[in-house]
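Chains, contacts and geometry: an overview
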Amino acid sequence: MEGAQGVSSGQAARSRANKSPASAAIELTVVSPTFNERPNIRPLTAKLHQALDGVAWEVIFVDDDSPDGTAVEVKALAGEDPRVRGIRRVGRRGLAGAVLEGAMASAAPYVVVIDADLQHDESILPQMLETIRAGDKDLVVATRYLDPEGLAQGLSITRQRGSRLATWLSRLVLKTEVSDPVSGFFMARREVWDRAAPQLSTEGFKVLFDIIASHAEPLRVAEIPYRFRDRLEGESKLDSRVVVDYLGLILNKATHDVIPARAILFGAVGATGIAVHLIALTLLSRLDTSLAFVPAQFLAALVAMTSNYFINNAVTYHDRRKRGWRLLTGYLAFCLACSAGLFVNVAVASFLHERLPITLLAGAIGAAFGAVWNYVTTALAVW
Ligand code: GDD
Ligand code: MN
């Protein structure tokens, strides 16, 4: 009797589990990166339920410890809805990294990324899923460009132009033809994610571009148009840093991964440093005609070094950016690391200047020697 009861309660549990939607093997994981999206979590989940009725799906919200408590909201909802999961990442920021982490937590055959802010039209999800189920595509991109009216909505004129420029630039390096390679709304087979994962950058917004670029052979892509909606709650996190980061990645891919994006950025900052140096040198020698060349060159290098430090901290090493007290100690370390470079700079410049007294030429060559030195030493010692 007892045994029979044991069996029947076991069966009951099993059949309960079978009815419970979350127990069916998940076919589609929806990854939604979030930063300050608390008011959008429940509405998005409700929309997903509606769009994906009849599909074994789950949503993973990947939150970078948003100050508005998005992660708390996600965990509360996860307690009520078995389709909802949440990852709270601490001490890290980055859309690409968050998306990647969500995708890596999935065991489903298909993974789709969607913004949490309701700007992406979830009603095309079934169409995307059908396309990828058919088996002859690796990637399905929801694109704003196939519907000209769609683009007009939700994006400012500047953003539209920027977006077109980003698309045009990406065509220079991608082997796969895609009309919206910076789309944040796309579905891919898990193998595609798994293969690309070790090479992907965890910074910035260019996840799709990066996935396509990291595949040596062209991917089989389908594109589905949709209308980009206005954001109702919260605000966009796309800023100038995201743009710089994207340009860095394009240059990196254009040089076939030989030059890392960071070195390209450091080089660009170095170039501004040379300009700052020459301006400072000109000003100093004009302001004080009695100032000898060597102290003028020394002071100009100091000005350039300071500007390089702050620009590199804000741009090149944005992800490891120093703030507050560390900004100061970092600056001191940067100065120390560069002092040898400064010595090389001044030595080379004064050596040249004694033999050939052309101020700007000697100054430029000295500064260039110093820049290379600085790159190597600060990369190792400061950030
Ligand atoms: N976890 C995490 N960490 N999520 C982030 C971060 C971050 O650092 N930054 C942004 N997000 C989340 C937002 O909360 C939102 O759900 C989604 O990523 C998109 O961010 P938005 O800030 O709303 O981007 P957007 O609307 O300006 O940009 C859209 O268009 C771009 C192309 O023009 C997005 O779809 C981008 O993915 C797309 O590249
Ligand atoms: Mn948005």
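Look up: the structure comes first, before these words.
Anyway, here's the lowdown on the structure attached to this text. Everything quoted here is computed from the prediction, not taken from an experiment.

Secondary structure summary: the protein contains 14 helices and seven strands in total. Taken against the 2.2 N^0.38 rule, which gives 21 Å for 383 residues, the C-alpha radius of gyration of the protein at 27 Å runs more than 25% over that of a compact globule. Of all 383 residues assigned to the protein, the portion counted as buried reaches 46%. The long-range share in the protein, meaning contacts at least 24 apart out of those at least 6 apart in sequence, stands at 77%. Total accessible area on the protein stands at roughly 18,800 Å², and carbon and sulfur atoms take up 61% of it. Charge-centre separation for the protein: the mean point of 40 positive side chains lies 3 Å from the mean point of 39 negative side chains.

Among the nonpolar cores identified, the biggest contains 33 residues, and Leu139, Val141, Phe186, Trp193, Val207, Ile211 and Ile212 are the most heavily contacted of them. In this structure valine 207 touches Ala96, Val99, Phe186 and Trp193, once residues within four positions along its chain are discounted. Formed by 32 residues, the second largest nonpolar core is a distinct cluster that contains Val74, Ile124, Leu129 and Val140.

Glancing now at the coordination of the manganese ion (ligand 2). Taken together, Asp117 (OD) and Gln119 (OE1) make up the full set of protein donors to the manganese ion (ligand 2), lying 1.9 to 2.0 Å away. When sorted by exposure, aspartate 117 lands in the same class as glutamine 119, which is buried.

The next point concerns empty space enclosed by the protein. A full pass over the atoms with the stated rule returns one cavity of 30 Å³ or more. Here the largest cavity is characterised by a volume of approximately 170 Å³. Going through the elements one at a time, helix H11 (261-287), helix H12 (293-316), helix H13 (324-355) and helix H14 (359-381) are the ones with two or more residues in the lining of the largest cavity. Looking at side-chain class alone, the lining of the largest cavity contains eight nonpolar, eight polar and no charged residues.

Moving on to H12. Because an α-helix completes one turn every 3.6 residues, residues spaced three or four positions apart along the sequence face the same direction. Of all the positions in H12, only Phe293, Ala296, Gln297, Ala300, Ala301, Ala304, Met305, Asn308, Tyr309, Asn312, Asn313 and Thr316 are classed as buried. Buried residues in H12 make contact with helix H10 (240-254), H11, H13 and H14.

With that settled, the discussion passes to the packing of aromatic side chains. By the definition in use, this model includes 12 aromatic pairs. Plain terms: the ring middles of tyrosine 309 and tryptophan 383 are 5.6 Å apart, the flat faces sit at 20 degrees to each other, and that makes the pair stacked. Of this pair, tyrosine 309 sits in helix H12 while tryptophan 383 sits in the segment after H14, and the two are 74 residues apart along the sequence. Taking relative accessible area as the criterion, tyrosine 309 reaches 0% and is therefore assigned buried. Looking at tryptophan 383, the relative accessible area reads 12%, which means it is buried.

Attention shifts here to the site of ligand 1. Surveying the vicinity of ligand 1 reveals 25 residues, the closest of which are Glu37, Arg93, Asp115, Ser236 and Lys237. Between ligand 1 and glycine 94 there is a distance of 3.1 Å, counted from an oxygen atom to a backbone nitrogen or oxygen. In the complex, 97% of the free accessible area of ligand 1, which totals 740 Å², lies under the protein chains. Listing elements by their share of the shell around ligand 1, those giving two or more residues are strand E1 (28-34), helix H4 (95-104) and helix H7 (157-173). Grouping the amino acids of the shell around ligand 1 by side-chain chemistry returns nine nonpolar, seven polar and nine charged.

Looking now at the layout of surface pockets. If a probe as big as a water molecule is rolled over the atoms, it shows which places are left empty. Counted as a void, the second largest pocket has a volume near 230 Å³. Lining the second largest pocket are 16 residues; nearest its centre among them are Val173, Lys175, Ala213, Lys253 and His256. Of all the elements in the fold, those that place two or more residues in the lining of the second largest pocket are H7, helix H9 (207-213) and H10. Looking at the lining of the second largest pocket residue by residue, the classes come out as nine nonpolar, three polar and four charged.

Cut-offs used in this document
- Residues numbered from 1 in each chain as written.
- Chains lettered and ligands numbered in written order.
- Predicted model: local features only at pLDDT ≥ 70, side-chain atom pairs only at ≥ 80, totals over all residues.
- Heavy atoms only, no water.
- Helix = DSSP H or I, 4+ residues; strand = E, 2+ residues; numbered from the N terminus.
- Rg over C-alpha atoms; globule rule 2.2 N^0.38 Å.
- Buried < 20%, exposed > 50% of the residue type's maximum accessible area, 1.4 Å probe, protein only.
- Contact = heavy atoms within 4.5 Å.
- Areas by Shrake-Rupley, 256 points an atom, 1.4 Å probe, with all protein chains shown as cover.
- Lys, Arg positive; Asp, Glu negative; His and termini not counted.
- Charge placed at Lys NZ, Arg CZ, Asp CG, Glu CD.
- Core = buried A, V, L, I, M, F, W, Y, C linked by side-chain atoms within 4.5 Å.
- Donors = N, O, S within 2.8 Å, 3.2 Å for Na, K, Ca; no water.
- 1 Å grid on protein atoms, 1.4 Å probe; cavity = no way out; pocket = protein on both sides within 12 Å on 5 of 7 lines; lining within 4 Å.
- Points joined across faces, edges and corners; volume = space filled by probe spheres on them.
- Nonpolar A, V, L, I, M, F, W, Y, C, P; charged D, E, K, R; others polar.
- Phe/Tyr/Trp six-rings, centres within 6.5 Å; stacked < 30°, edge-to-face > 60°.
- Near = heavy atom within 4 Å.
- Polar contact = N/O pair within 3.5 Å; in protein donor to acceptor, adjacent residues only side chain to side chain.

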